[in-house]
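Single-letter residue listing:
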2 protein chains.
Amino acid sequence: MKGFRHIILYGLILAVLVFALKWIQWKFLIVDNAIDIYIGLIAVFFTILGIWVATQFVKPATQTIIVEKEVIITQPEETTINEAELKKLDLSSREYEVLQLLAKGYSNADIAGNLFLSVSTIKTHVSNLFLKMDVKSRTQAIEKSKRLKIIK
Amino acid sequence: MKGFRHIILYGLILAVLVFALKWIQWKFLIVDNAIDIYIGLIAVFFTILGIWVATQFVKPATQTIIVEKEVIITQPEETTINEAELKKLDLSSREYEVLQLLAKGYSNADIAGNLFLSVSTIKTHVSNLFLKMDVKSRTQAIEKSKRLKIIK
DNA sequence: ATCAATTTGGTACTAAAGTATGACCGGAAT
DNA sequence: ATTCCGGTCATACTTTAGTACCAAATTGAT
């Protein structure tokens, strides 16, 4: 709708211009040899008109400037488990379960009760765990687990 | 410098136009009453010229897009020791020393060797440590220490 | 179906951890 | 000076952890 109103507006402007030009043309024709001045005025006027039209309708090329804003993310608990290190150890699922309870300070009896297994089984798992982790005690296992970030 | 070259360019263009207009003017003067068509051409031409000039000089609108870039800051040692909790436990300096080595996976013998003390002394410290920390094993002591953030 | 790995559990043993108790020393506070 | 506490060390004991070796059931993949 806005474009339509513009068209009407420009139409009216042009109509006015036609009469204006006719008047200027007639006036300058009285003065002979003034045609050059007349042409110059026309040229200047329409150049300005063109500039104005352009500034009104030609959308300026948009130059997009992307600014990276660094947002610091502070992880509350950087317990991103180091899957790579965990895989290296090649622990079985049960062994990993035992390790997690181990690190919570559970005794072998506690772990056995928690997993509904016998203490013997836990001892077996713990021993195998130590071999795979290359440690000699549960405290070393805990320390290494924390250091490698393989437990929460 | 670019603006200067533009000025020269437009100067040349205008010079060419002057001759072109003179030629067109002469040609149309032969045909009488063709002055209106001539004026029309002039108007159209300079309007287009004005548009072109405008588009050349209108500065592109800059659109600044701020992109949030998440930067994960991994604190190397987020081990801000919880002094409050540590003070609550009321550990002696030796006991705290023992606790720190304990948490590193050291055995009583290791700790004794590290502090140039007998294993008996370490056992005493460890026992007192457990009483003060209200735990029943070194693994529990480690877990609690990590949880309360009282060790590095 | 077979084979390897896992999971489970046992016995027997050793090593380490943990408890209880007592003793000695030295420094700091009362 | 005496008391109190931290630190040291010891002995004797119990408990737990850890090792070694074995064996059976289960599971998963070829």
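Quick look at the structure, then. For every chain, the first residue of the written sequence is number 1, and numbering continues from 1 along that sequence. Both sets of labels track the order of writing: A upward for chains, 1 upward for ligands. Two thresholds apply to this predicted model, a pLDDT of at least 70 for residue-level local features and 80 or more for giving and counting side-chain atom pairs, whereas whole-chain, interface and lining totals are computed over all residues. Note that the side-chain values use all heavy atoms of the structure and ignore hydrogens as well as water.

**Focus: the overall build of chain A**
This is how it is decided: Helix and strand assignments follow DSSP, with helices taken as H or I runs no shorter than four residues and strands as E runs no shorter than two, numbered in order from the N terminus. Buried residues are those whose accessible area, probed at 1.4 Å on protein chains only, stays under 20% of the maximum for their type, while exposed residues exceed 50% and partly exposed ones sit between those limits. The contact criterion used is simple: two residues touch if any of their non-hydrogen atoms lie within 4.5 Å. Accessible surface area values rest on a Shrake-Rupley calculation with a 1.4 Å probe, where residue burial reflects the displayed protein chains alone.
Scanning chain A from N- to C-terminus turns up 7 helices and 1 strand. Order of helices (α) and strands (β) in chain A, N terminus to C terminus: α-α-β-α-α-α-α-α. Considering chain A as a whole, with its 152 residues, one finds that 30% of them fall into the buried category. A fraction of 56% describes how many contacts in chain A between residues 6 or more apart in sequence connect residues 24 or more apart. Accessible surface, chain A: about 10,200 Å² in total, of which carbon and sulfur atoms supply 64%.

**Overview of the packing of helix α4 (residues 93–103) of chain B against helix α7 (residues 138–148) of chain B**
Axes are the key here: two packed helices are described by the angle between their axes and the distance separating the axes. Residues and elements named next belong to chain B. To keep things clear, this is the line we draw: Interaxial angles span 0 to 180 degrees and are taken between N-to-C directions of axes, which are lines fitted to C-alpha atoms, for helices over the stretch in contact. Roughly parallel means an angle under 35 degrees; roughly antiparallel, over 145; roughly perpendicular, 65 to 115; everything else is oblique.
Packing of α4 against α7 brings their axes to within 10 Å, and their N-to-C directions diverge by 95 degrees. Our classification of the angle between α4 and α7 gives roughly perpendicular. Taking contact as the criterion, the partners of Leu99, Leu102 and Ala103 in α4 are, on α7, Arg138, Ala141, Ile142 and Ser145.

**Side note on helix α5 (residues 108–115) of chain A**
In an α-helix there are 3.6 residues to a turn, and that puts residues three or four apart on one side. Residue and element names in this part refer to chain A. What counts, and what does not: The directions from the helix axis to the C-beta atoms are what the arc is built from.
Of all the positions in α5, only Asn108, Ile111, Ala112 and Leu115 are classed as buried. Seen along its axis, α5 keeps its buried residues to an arc of 100 degrees; they face one direction. The inward-facing, buried residues of α5 contact α4 (93–103), α6 (119–133) and α7 (138–148). After α5 finishes, the residue Phe116 shows a positive phi value of roughly 55 degrees.

**A short note on the protein's contact with DNA strand D**
Short version of the rule: Throughout, near means a residue has at least one heavy atom within 4 Å of the molecule or strand. Two N or O atoms count as a polar contact when they lie within 3.5 Å, although within protein this holds only if one can serve as hydrogen donor and the other as acceptor, and sequence-adjacent residues are included solely when both atoms are side-chain atoms. Three categories are distinguished: nonpolar for Ala, Val, Leu, Ile, Met, Phe, Trp, Tyr, Cys and Pro, charged for Asp, Glu, Lys and Arg, and polar for the others, with Gly belonging to the last.
Lining the immediate environment of DNA strand D, one finds 17 residues, of which Lys123(A), Arg138(A), Ser92(B), Ser93(B) and Arg94(B) sit closest. Backbone sugar and phosphate groups make up 67% of those atoms of DNA strand D lying within 4 Å of the protein. For DNA strand D, a base oxygen lies 2.7 Å from a polar atom in the side chain of Lys123(A). At 3.0 Å, a side-chain N or O of Thr121(B) approaches a phosphate oxygen of DNA strand D. Of all the elements in the fold, those that place two or more residues in the surface near DNA strand D are α6 of chain A together with α4 and α6 (119–133) of chain B. The residue inventory of the surface near DNA strand D, partitioned by class, reads 3 nonpolar, 11 polar and 3 charged.

**Observations concerning the protein's contact with DNA strand C**
Ser92(A), Ser93(A), Arg94(A), Lys123(B) and Arg138(B) are the nearest of the 17 residues found near DNA strand C. The sugar-phosphate portion of DNA strand C accounts for 69% of its atoms within 4 Å of the protein, the bases making up the rest. One nitrogen or oxygen atom from the side chain of Ser127(B) is found 3.4 Å from a phosphate oxygen belonging to DNA strand C. If you list the elements that add at least two residues to the surface near DNA strand C, you get α4 and α6 of chain A together with α6 of chain B. Its residues placed into classes, the surface near DNA strand C shows 3 nonpolar, 11 polar and 3 charged.

**Here we look at the packing of α5(A) against α6(A)**
All names here are of chain A. To be explicit about the condition: The sense of a crossing depends on the near helix, which, turned anticlockwise from the far helix by less than a right angle, makes the crossing left-handed and, turned clockwise, makes it right-handed.
Between α5 and α6, the least distance of the axes is 8 Å, while the angle of their chain directions is 110 degrees. What the angle tells us is that α5 and α6 run roughly perpendicular. Every pair of crossing elements has a handedness; the one defined by α5 and α6 is right-handed. Two secondary-structure elements touch here, α5 through Asn108, Ala109, Ile111 and Ala112 and α6 through Val119, Ile122, Lys123 and Val126. Looking at side-chain class alone, the contact of α5 with α6 contains 6 nonpolar, 1 polar and 1 charged residues.

**Description of the pattern of salt bridges**
The line we're drawing: By salt bridge we mean one thing: a side-chain nitrogen of Lys or Arg within 4 Å of a carboxyl oxygen of Asp or Glu.
Throughout the structure, instances matching the rule amount to 8 salt bridges over all chains. We note a salt bridge from Glu95(A) to Lys132(A), for which the minimum N-O separation is 2.8 Å. In this pair, Glu95(A) is assigned in helix α4 and Lys132(A) in helix α6, connecting sequence segments 37 residues apart. Under the relative-accessibility criterion, Glu95(A) is labelled buried at 6%. In this structure Lys132(A) comes out as partly exposed when scored by relative accessible area, which is 34%. Among the ionic pairs, Glu143(B) bridges to Arg147(B), the shortest N-O distance being 3.2 Å. Linking Glu143(B) with Arg147(B), this pair stays in helix α7, spanning 4 residues, or about one helical turn. We classify Glu143(B) as partly exposed; its relative accessible area is 22%.

**Structural notes on a nonpolar patch on the surface**
Put simply, the rule is: A residue counts toward a patch only above 30% relative accessible area and without a salt bridge, and it is joined to like-charged neighbours within 9 Å or, for Val, Leu, Ile, Met, Phe, Trp and Tyr, to nonpolar neighbours within 5 Å.
Residues Ile65(A), Val67(A) and Ile66(B) make up a contiguous nonpolar surface patch of roughly 240 Å² in combined accessible area. Of note, Ile65(A) is situated in strand β1 (residues 63–73).

**Some points on the side chain of His125(B)**
Residue and element names in this part refer to chain B. Tracing the backbone shows His125 in helix α6. Residue classification places His125 among the buried positions, given a relative accessible area of 15%. Excluding residues that lie within four positions of it along the chain, His125 makes contacts with Arg94, Glu95 and Val98.

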